[in-house]
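Next come the chains, spelled out residue by residue.
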Amino acid sequence: MANYLFNGGIVINNLYPVNKVEIIQASLPTKIVLPLQQFGGQTKPCVSVGDYVLAGQVVASPKGGFGVSIHASISGVVLSIDKQTTVHQSELKSECITIESDGKDKWIDRKNDHVDFLHYSTEVLIETIQKSGIVGLGGAGFPTHVKIGKVVDCHTLIINGTECEPGVMCDDALMQFHPREIIRGVEILLHICGAKRVIIAIEDDKQAAYQALSMFNHNDKISINQIPTKYTSGAEKLLIKALLDVEIPSGGFAVDKGIICQNIATAKAVFDAVINHRPLVSRIVTVTGDGVKPNNFEVRLGASFKHLVSIVSPNNQAHNYRIGGMMMGVDVTDINIPISKTTSAIFVNNQVLKPVVQECIRCGQCSEVCPVRLLPQQLYWHAKSENIKDALNYNLLDCIECACCDYVCPSHIPLVSYFSFAKALNKQQTHEQNRINIARERFEFREYRLERNKLERAQMMTDKKKTLKEKMAKEQSQKQKIAEAMQRVQQAKDKK
Ligand code: SF4
Ligand code: SF4
């Protein structure tokens with residue numbers, strides 16, 4: 001039963017409110033950069049440097065069944081296939097395809113058949129979703145065809161229309177301006193997974209979005225539920241708890257309980273792919289912060305942050321750039337990095353001095369707001385002293401890095417940084433331990449093999465000696481018999 005409640009979380013007012021939510025079409029970028037590394041693994045380029053490509057054309061294919069295709073989002077010429085800086089805190093470089101626009105935005109031929117999706121089999125629809133490059137657009141980027149194709153006995157499909165972070169309004173805009181496409185996209189997902197019901201979850205401060213979707217929803221299986229606006233209600237496990245009162249255990253998955261969660265923007269992308277035969281080549285990005293006038297933009301994938309930021313004309317101050325959100329986002333310094341399928345927002349804030357970090361005063365506020373009932377203060381001590389074993393005992397790996405604890409900490413301790421560091425250290429130690437275990441197993445096996453060879457050789461020598469001895473004894477016995485026979489013959493001759 002829905003109680004719309006979950007433990008902890010915080011209510012945060014949008015620091016950068018707008019009078020009217022809009023979607024502005026961003027101008028065509030002059031260049032795009034498409035990373036080949038996706039959530040589902042590496043993809044293989046199917047174009048070469050110098051090739052002319054059309055918008056919507058596949059430029060890289062997944063190496064395995066887990067990944068999705070990558071498409072050119074503009075028409076133009078492939079400039080390079082090499083390492084470029086992409087969206088990651090480390091700002092490490094990874095293999096990318098760079099395309100220079102010809103400014104014409106020429107598209108591949110797309111079918112215009114308007115066949116009812118109910119005529120397509122589940123397999124065809126799943127393949128279409130994969131080939132259209134669709135991944136979860138809420139932030140994780142998990143391949144949609146894998147998630148939707150994996151579930152067995154699905155009873156509930158949850159469509160997450162909650163904004164993941166305060167200040168982000170890209171999904172709100174999508175729901176207000178594309179409600180018909182979203183509802184049809186949800187119906188396609190419903191047709192594929194065969195759920196008994198669909199719940200579209202929207203925060204209760206998004207009345208316009210709620211009204212728009214309600215107007216286009218005529219499907220008895222689809223209900224639209226408003227939930228209290230509270231960060232982090234958009235986190236999958238917390239949303240399931242709030243809507244269905246079902247706990248997904250630590251390390252467990254919603255699909256194991258017959259539940260699938262998809263983002264509202266993913267439903268729209270599914271509509272575009274199946275009905276309009278349009279692959280995923282653009283997304284809505286919120287550009288906000290106190291350095292700009294906040295708004296939403298539909299922008300081609302692979303366009304640089306710089307391209308988008310230049311459209312909003314930031315003020316003349318020095319800025320900090322953050323992608324994803326003020327809570328769980330990542331600070332970036334290089335704004336030439338490309339917009340990816342999971343870039344929901346860019347925060348452009350005026351640079352301010354960071355507050356001084358002080359000692360923990362054991363106030364316990366961090367525990368009160370933790371939505372997964374952890375003890376951040378304890379985790380902090382263990383992470384700080386690099387005591388990973390004890391941090392794991394305090395369920396370090398269950399931390400969703402929502403930053404609620406950071407937000408309320410009066411000592412301004414960057415708790416999440418400690419937790420992500422501890423997780424990385426755990427990963428490194430586990431990797432190192434696995435490496436040591438493998439090396440030890442190899443050594444033990446070598447020792448065992450040497451000992452076994454030694455024993456086998458000793459046994460072989462024993463067997464050989466025994467055989468030789470037996471052979472000699474046999475020969476001796478035969479010689480004896482011959483001598484005795486000759487002696488008998490001689491005796492017989494002597495008697496004559
Ligand atoms: S909120 Fe900060 S100061 Fe208070 S207990 Fe947690 S870590 Fe310590
Ligand atoms: S970041 Fe981790 S420890 Fe802190 S409130 Fe969120 S889940 Fe809890």
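Structure: see above.
For clarity, every value in this text was computed on a predicted model and none was experimentally measured. (Residues numbered from 1 in each chain as written. Chains lettered and ligands numbered in written order. Predicted model: local features only at pLDDT ≥ 70, side-chain atom pairs only at ≥ 80, totals over all residues. Heavy atoms only, no water.)

What follows covers the overall build of the protein chain. The number of helices and strands found in the protein chain is 13 helices and 18 strands. Expected size for 496 residues packed as a compact globule is a radius of gyration near 23 Å; at 33 Å, the protein chain overshoots this value by more than 25%. With the C-alpha coordinates aligned to their principal axes, the bounding extent of the protein chain is approximately 140 × 65 × 50 Å. The burial tally for the protein chain puts 46% of its 496 residues in the buried class. For the protein chain, the share of sequence-separated contacts (at least 6 apart) that also reach a separation of at least 24 residues comes to 73%. (Helix = DSSP H or I, 4+ residues; strand = E, 2+ residues; numbered from the N terminus. Rg over C-alpha atoms; globule rule 2.2 N^0.38 Å. Buried < 20%, exposed > 50% of the residue type's maximum accessible area, 1.4 Å probe, protein only. Contact = heavy atoms within 4.5 Å.)

This next bit is on the site of ligand 2. Surrounding ligand 2, one finds 13 residues, the nearest of these being Cys370, Val372, Cys399, Cys402 and Cys405. Mapped by element, the contributors of at least two residues to the shell around ligand 2 are helix H12 (404-408) and helix H13 (415-495). Looking at side-chain class alone, the shell around ligand 2 contains 12 nonpolar, no polar and one charged residues. (Near = heavy atom within 4 Å. Nonpolar A, V, L, I, M, F, W, Y, C, P; charged D, E, K, R; others polar.)

With that settled, the discussion passes to the site of ligand 1. Within the structure, ligand 1 sits among Cys360, Ile361, Arg362, Cys363, Gly364, Cys366, Gln377, Cys409, Pro410, Ser411 and Leu415. Each residue belonging to the shell around ligand 1 can be placed in one class, and the counts come to seven nonpolar, three polar and one charged.

Two modes of strand pairing occur in sheets, parallel and antiparallel, and in both the strands are linked by backbone hydrogen bonds. An order of E2-E9-E8-E5 is seen for the four strands of this open sheet, with the pairing classed as antiparallel. Of all strands in the sheet, those with a lone pairing partner are strand E2 (31-35) and strand E5 (52-53), marking the two edges. Two strands pair when backbone bridges link them, and E5 and strand E8 (residues 76-85) are joined in this way by two bridges, in the antiparallel orientation. Within the sheet, the bridge partner assigned to Val53 lies in E8 and is Gly76. (Pairing = 2+ DSSP bridges.)

Taken across its eight residues, helix H3 (residues 170-177) has six buried, putting it largely inside the fold. Of all the residues in H3, the buried ones are Cys170, Asp171, Asp172, Ala173, Leu174 and Met175.

So, on to unusual backbone geometry. The omega angle of the peptide bond from Tyr231 to Thr232 is 15 degrees, so this bond is cis rather than trans. Here Thr232 is to be found in the loop between strand E12 (222-227) and helix H6 (236-244). The backbone phi angle of Asp105 is positive, close to 50 degrees, even though this residue is not glycine. Examined against the element boundaries, Asp105 turns out to sit in the loop between strand E9 (93-101) and helix H1 (122-131).

Moving on: the packing of aromatic side chains. The final tally for this structure, using the stated rule, is five aromatic pairs. Summarising the aromatic geometry, the rings of Phe66 and Phe142 are spaced 5.5 Å apart at their centres and angled 90 degrees between planes, so their arrangement reads as edge-to-face. Highlighted residues: Phe66 in the loop between strand E6 (58-62) and strand E7 (70-71) and Phe142 in the loop between H1 and helix H2 (144-150), separated in sequence by 76 residues. Judged by relative accessible area, which is 24%, Phe142 ranks as partly exposed. (Phe/Tyr/Trp six-rings, centres within 6.5 Å; stacked < 30°, edge-to-face > 60°.)

A word on the packing of H1 against helix H4 (residues 179-193). Interhelical geometry of H1 versus H4 gives an angle of 130 degrees and a closest axis separation of 9 Å. Comparing the axis directions of H1 and H4 gives the class oblique. Between H1 and H4 the crossing geometry is left-handed. For the pair H1 and H4, contact is made by Thr122, Leu125, Ile126 and Ile129 and by Ile188, His191 and Ile192, respectively. Tallied by class, residues from the contact of H1 with H4 come to five nonpolar, two polar and no charged. (Axes fitted to C-alpha atoms, helices over the stretch in contact; angles between N-to-C directions. Parallel < 35°, antiparallel > 145°, perpendicular 65-115°, else oblique. Left-handed = near helix turned anticlockwise from the far one by under 90°.)

This brings us to the pattern of salt bridges. With the rule as written, the count across this model stands at 15 salt bridges. Residues Glu203 and Lys206 are paired through a salt bridge, measuring 2.9 Å at the closest nitrogen-oxygen approach. Lys206 matches Glu203 in its accessibility class, with the two residues each being buried. Here Glu444 ties to Arg440 by a salt bridge, and the two come within 3.7 Å at their closest N and O atoms. (Salt bridge = Lys/Arg side-chain N within 4 Å of Asp/Glu carboxyl O.)

This brings us to the pairing of strand E18 (residues 345-350). Of all six residues in E18, six are buried, a share of seventy percent or more. Summarising the sheet, strand E14 (residues 282-288) and E18 pair through three bridges and their orientation is parallel. By the bridge assignment, Thr286 is partnered in E18 with Ala345. Pairing of strand E16 (residues 319-323) with E18, which is carried by five bridges, proceeds in the antiparallel orientation. Paired with Asn320 across the bridge in E18 is Asn349.

This next bit is on the sheet that holds strand E1 (residues 24-25). In spatial order, the strands read E1-E15-E14-E18-E16-E17; together these six strands make up an open sheet with mixed pairing. Only two strands of the sheet have a single neighbouring strand rather than two, namely E1 and strand E17 (330-332). The sheet contacts of H3 involve E14 and strand E15 (295-300), and relative to E14 the element is tilted by about 125 degrees.

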